[in-house]
Amino acid sequence: MTTLSRADTSALPSGPARIASANWRAPLFIAACALLVRLLADVVVDPVASGDEAITGLMARHILLFGERPYFYYGQDYLGSFESYVTAGFFALFGFSTAVLRLTPLLFFSGYVLLNGWLGGRLAGPRAGVAAAVLAALGTPLIQYQAHMAFGGSGAELLFLGTAQLALALRLADRERRLDRRDYPLLLACGVVIGFSLWIHFLVAVYTLAAALYVAGRRWRRLIGDLPAYALGALGLPLGFAPALLWNAQNGWRSFAFLSFILGGSGSAAGGEPLLTSAKLAIIMGEGLVAALGARNDWDLWLAVPWETALPLLSGALVFFYALALGVWLASRLRQAAWRRSQPADLVALVAVLNLLAFLPLSFGPEGPIVRYLLPLSGVLPLAAVWFLEKTLARRRWLYGLGIGLLLLNNGYFAAASLTSGTLYPTRALASWLESAGLTRVYAGYWIAYPLDFASQERIIASPAHTRVDVDALIDMDRYQAYTELLENAQDPAFVFDRRLAAGRIFAQRLAGHGIAYQVDVVADRFLVFHCFSANPRGVAI
Amino acid sequence: MHLAALLWRLFLPLTAIFGLLVSLPGPLPALNAAGVPLGQVILSSSRFGQPLPKAPALSCVAPKPQRALSVQFDDAILLAGYDLTIATPVGSFAVLNLYWQAGAPPSADYKVFVHVLDAERKVIAQDDGYPVNGASHTLGWQAGQVVRDAHFIDLEPDLAPGSYQIEVGLYQEGSGKRLGLLTEMPTVSPDAPLLPDPIQLLPPVARPKWTSH
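In this text the structure is predicted, and so the values were computed from the model without any measurement.

Enquirer: Summarise the overall build of chain B; cite the residues concerned and give the values.
Expert: A tally of regular secondary structure across chain B gives one helix and eleven strands. For chain B, the α and β elements follow one another from N to C terminus as α-β-β-β-β-β-β-β-β-β-β-β. Each of the 213 residues in chain B was classed as buried or not, and the buried ones make up 28%. Of all intrachain contacts in chain B linking residues separated by at least 6 positions in sequence, the fraction that spans at least 24 positions is 64%.

Here you go:
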């Protein structure tokens, strides 16, 4: 066996390359641990948590069993379907289950943790790399929720692909010479990754723009000489974006119509929105930032859970911590002599700032979904935190450790809460009750119907196709026409409502108004199941 | 391994595999009028999961009540039991299924009343109506027939959480005369037996506000 003597080590890569190699080991180990913990958690939180997650699983089933080839998420032709194809492969290997459904986000999430370790190392040294990987592995509640559930085109994929773009930008910007043919593979890879990411989720543009600005800031003196390489990178774009291009070319460029719709000011229920209203600002600061920074759980906000559930002192401290980090970054940028030249930390700040700015032209009003669209901002927090701690407390190990520890405590608190709170609906209990009653065709709200389809492996066909069966839904949630048609042809469909919502009560009143007899059961203490109607209830508006 | 090489090796094959996947089966998914992709959808029930049962209408068979009773009223009407979700938050509604059985065809058309009573025996919530949402009048009941009769009881948000008793009974709409109670049961008002299980009113719960992507 050949071994290297001390003298031979001079032959090993030195400087940044050596550090980079060392930077991989600890993050790899941490990523592996995070993967194992999440695997366990994904088995515990069963069945599927939401309609969104169920649709990803149903798409994967249809890809595998029925030969469907969806290009986009059902009903949302701007979210790429890649996740469902990967999941279909996992289903083929391991069978259909909620835990297997979550393997794909787990895979991308591990990549995100790994890249955070690498980027942290590049930003502020090996210790920062390890700390960033740890903070990414136990991310903010927003990261934990969005990145660990299968959401078909968001969450984990967005974080991984976006962070990959940041890493590529760093590599590219580091070239201390004109870009030439040696860099062409990297440039082409950049183009492919960007195109592929844009197909998966348009929000990745926040990362793309940050990466582009960073590279431009670093290499603007070499811009002319680099142009051929950039042109090659541009060629990679359509390659990665090919699925979206193929579909859109034959479907009236509908994905772009959607983007134009939300940018055009008509996406809000209240009509056109000015760029910045006080209500919009209030929701960005009060709900968006609070959840994105990790002080509140996104889901708790939507469920209107009282503030007492957040850790009171830590929540306030978090906002202060990141505000201070931003201030330190600004001060350091202004102080540097070569302030025109981008620094790696700029990448992180650019993502955060661009993500916030992206809300200004959007038409989402105060009633629109906001928190999940701050995922890129939340995703770069581990890097922001370690950069700030290294910058201010590098030699005070105890304080440095305390900072990391408090961030982990905050995130761990929410992680434990999400694991113990379990799933949104006890869909399995509902499925088995319906099957025992011989009810296999069901109208229900979006958050009940599709999880029911997945939990029953489509022995029960449920859909939110009935007019306003989902009384609280903002948009039409009927996502899969095949189910709709099956229900329209069904002899004796049942209607299922969340017992806490008014819709079930309204439905009962409407049935009474039409003189329709029915039976109603409370199932699993959460559902109202109407069935056995004396006349067809489909015409009954809710 | 350098990052560029890693990404290069990871993404290009993935893209190639995806391209192959989507191009293999041929045509693009068909779309319905609303633009939802149908793929290669064949609309038959056996396409999804296991073959489905042939609509045995099992759900219409009245199941056994969660709480069996034998409370006899005049005119051969028996209250055979009930289903009640005991714990219910205020600001929502409770669902009570009563199981009526006629010993013989009743001689009159009766309404059913359900009262929720506080500690001072005052009615704080109620539901009155002909059985089964008005779709099953007692005059049409056959001997031996079991009628499952659902009642929705609205619980105002300002009610105090706690334990409340429920009384039920039958009466004639015109005269308001209640049907006599023959079985000895605890009562608060005449001919209105108290159900053995009180209902537990819980504090109000937050109303979920759902959205998708």
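Enquirer: Which residues make up the overall build of chain A, and what values do they have?
Expert: Of the regular secondary structure elements, chain A holds 24 helices and seven strands. The 542 residues of chain A split such that 54% are buried. The long-range fraction of contacts in chain A, counting pairs at least 24 apart against all pairs at least 6 apart in sequence, stands at 75%.

Enquirer: Can you lay out the sheet that holds strand 4 (residues 461-463) of chain A for me, pointing to particular residues and giving the numbers?
Expert: Two pairing modes exist for strands in a sheet, parallel and antiparallel, and in both the strands are linked by backbone hydrogen bonds. Residues and elements named next belong to chain A. Taken in spatial order, the five strands make up an open sheet running 4-3-5-7-6, and their pairing is mixed. Either end of the sheet is taken by a strand with one partner, and the two such strands are strand 4 and strand 6 (519-523). Neighbour-to-neighbour, the strand axes of this sheet turn through a mean angle of 25 degrees, independent of strand direction. Bridge count for strand 3 (residues 441-444) against strand 4 is three bridges, and the pairing is parallel. What sits directly across from Arg 441, in strand 4, is Ile 461. Packing of helix 23 (residues 481-488) onto the sheet brings it into contact with strand 3 and strand 4, and relative to strand 4 it is tilted by some 105 degrees. On the sheet, helix 24 (residues 503-513) packs against strand 5 (494-498) and strand 7 (527-531) and is oriented at approximately 140 degrees with respect to strand 5.

Enquirer: Tell me what's going on with the packing of helix 5 (residues 103-124) of chain A against helix 19 (residues 381-393) of chain A, and back it up with residues and numbers.
Expert: All names here are of chain A. At a closest axis distance of 10 Å, the pairing of helix 5 and helix 19 adopts a crossing angle of 30 degrees. Here helix 5 lies roughly parallel to helix 19, going by the angle between them. The crossing of helix 5 and helix 19 is right-handed. Side by side, helix 5 and helix 19 meet where Asn 116, Leu 119, Gly 120, Leu 123 and Ala 124 of the first sit next to Pro 382, Leu 383, Val 386, Trp 387 and Glu 390 of the second. Among the residues forming the contact of helix 5 with helix 19, the class breakdown is seven nonpolar, two polar and one charged.

Enquirer: Before we move on, can you summarise the sheet that holds strand 8 (residues 123-129) of chain B with the specific residues and values?
Expert: Residues and elements named next belong to chain B. In spatial order, the strands read 5-11-10-7-8; together these five strands make up an open sheet with mixed pairing. Lying at the two open borders of the sheet, with one neighbouring strand each, are strand 5 (87-89) and strand 8. Neighbouring strand axes in the sheet, compared pairwise and without regard to direction, differ in orientation by 30 degrees on average.

Enquirer: Outline the pairing of strand 3 of chain A, supporting the account with residue identities and numerical values.
Expert: Residue and element names in this part refer to chain A. Side-chain alternation along strand 3 places Arg 441 and Tyr 443 on one buried face and Val 442 and Ala 444 on a second face that is also buried. Following the chain from strand 3 across helix 22 (residues 446-455) to the adjacent parallel strand 4, one finds a crossover that is right-handed. Strand direction decides the pairing type here: strand 3 and strand 5, joined by three bridges, are parallel. Looking across to strand 5, one finds that Ala 444 is bridged to Val 496.

Enquirer: How would you summarise the packing of helix 2 (residues 51-66) of chain A against helix 3 (residues 82-94) of chain A if you had to cite specific residues and measurements?
Expert: Residues and elements named next belong to chain A. Across the interface, helix 2 lies against helix 3 with an axial gap of 8 Å and an inter-helix angle of 65 degrees. Here helix 3 runs roughly perpendicular to helix 2, going by the angle between their axes. For helix 2 against helix 3, the interelement crossing comes out right-handed. Here Thr 56, Gly 57, Met 59, Ala 60, Arg 61, Ile 63 and Leu 64 of helix 2 lie close against helix 3, whose contacting residues are Glu 83, Ser 84, Tyr 85, Thr 87, Ala 88, Phe 91 and Ala 92. Grouping the amino acids of the contact of helix 2 with helix 3 by side-chain chemistry returns eight nonpolar, four polar and two charged.

Enquirer: Can you explain the domain arrangement of chain A? Please cite residues and give values.
Expert: All names here are of chain A. Here chain A is partitioned into domain 1 (17-421) and domain 2 (427-531). Counting residues at the interface gives eleven residues for domain 1, matched by 14 residues for domain 2. When its residues are assigned to classes, the side of domain 1 that touches domain 2 shows seven nonpolar, four polar and no charged.

Enquirer: I'd like to hear about helix 12 (residues 242-250) of chain A, residue by residue, with values.
Expert: Residues and elements named next belong to chain A. For helix 12, the complete set of buried residues consists of Pro 243, Ala 244, Trp 247 and Asn 248. Each buried residue of helix 12 sits inside an arc of 115 degrees when the element is viewed along its axis, so together they form one side. Exposed residues on helix 12 whose side chains face more than 90 degrees from its buried face are Ala 249 and Gln 250.

Enquirer: Describe the confidence of the model for chain B, listing the residues and the values that go with them.
Expert: Residue and element names in this part refer to chain B. Looking at chain B, the pLDDT average stands at 77 and 68% of residues meet or exceed 70. The low-confidence segment residues 4-8, where pLDDT is below 50, has eleven contacts with residues more than four positions distant or belonging to other chains. Low confidence marks residues 49-58, where pLDDT is under 50. Its contacts with residues over four positions away, or in another chain, come to 18 contacts. The complex model carries a pTM of 0.83, and its ipTM stands at 0.74.

Scoring rules and cut-offs
- Every chain's residues receive numbers from 1 upward, in the order its sequence appears when written.
- Labels are handed out in written order, letters beginning with A for the chains and numbers beginning with 1 for the ligands.
- Given that the model is predicted, a residue must reach a pLDDT of at least 70 before its local features are reported, and side-chain atom pairs must reach 80 or more before they are shown or counted; all residues, however, enter totals for whole chains, interfaces and linings.
- Labels follow the DSSP assignment, with helices taken as runs of H or I lasting at least four residues and strands as runs of E lasting at least two, numbered in each case from the N terminus.
- With C-beta atoms placed from the backbone, the exposure class of a residue follows from how many other C-beta atoms lie within 10 Å of its own: 20 or more, buried; 12 or fewer, exposed; in between, partly exposed.
- C-beta atoms are first placed from the backbone for all residues, and any pair lying within 7 Å is then listed as a contact.
- In this analysis, strands are considered paired if DSSP registers two or more bridges between them.
- Here an axis means a line fitted to C-alpha atoms, over the contact stretch when the element is a helix, while the angle between two N-to-C directions is reported on a 0 to 180 degree scale.
- Roughly parallel means an angle under 35 degrees; roughly antiparallel means over 145; roughly perpendicular covers 65 to 115; every other angle is labelled oblique.
- A clockwise turn of the near helix away from the far one marks a right-handed crossing, whereas an anticlockwise turn of less than a right angle marks a left-handed crossing.
- In this classification, Asp, Glu, Lys and Arg are treated as charged, Ala, Val, Leu, Ile, Met, Phe, Trp, Tyr, Cys and Pro as nonpolar, and every other residue, Gly included, as polar.
- Whether a crossover is right-handed depends on one test, that the path from the first strand over the helix to the second runs clockwise when the strands point away from the viewer.
- Bear in mind that the domain bounds are from an automatic or database domain assignment.
- Each C-beta atom gives one direction from the helix axis, and the arc is the one those directions make.
- Residue-level confidence of the predictor is what pLDDT reports, using numbers from 0 through 100.

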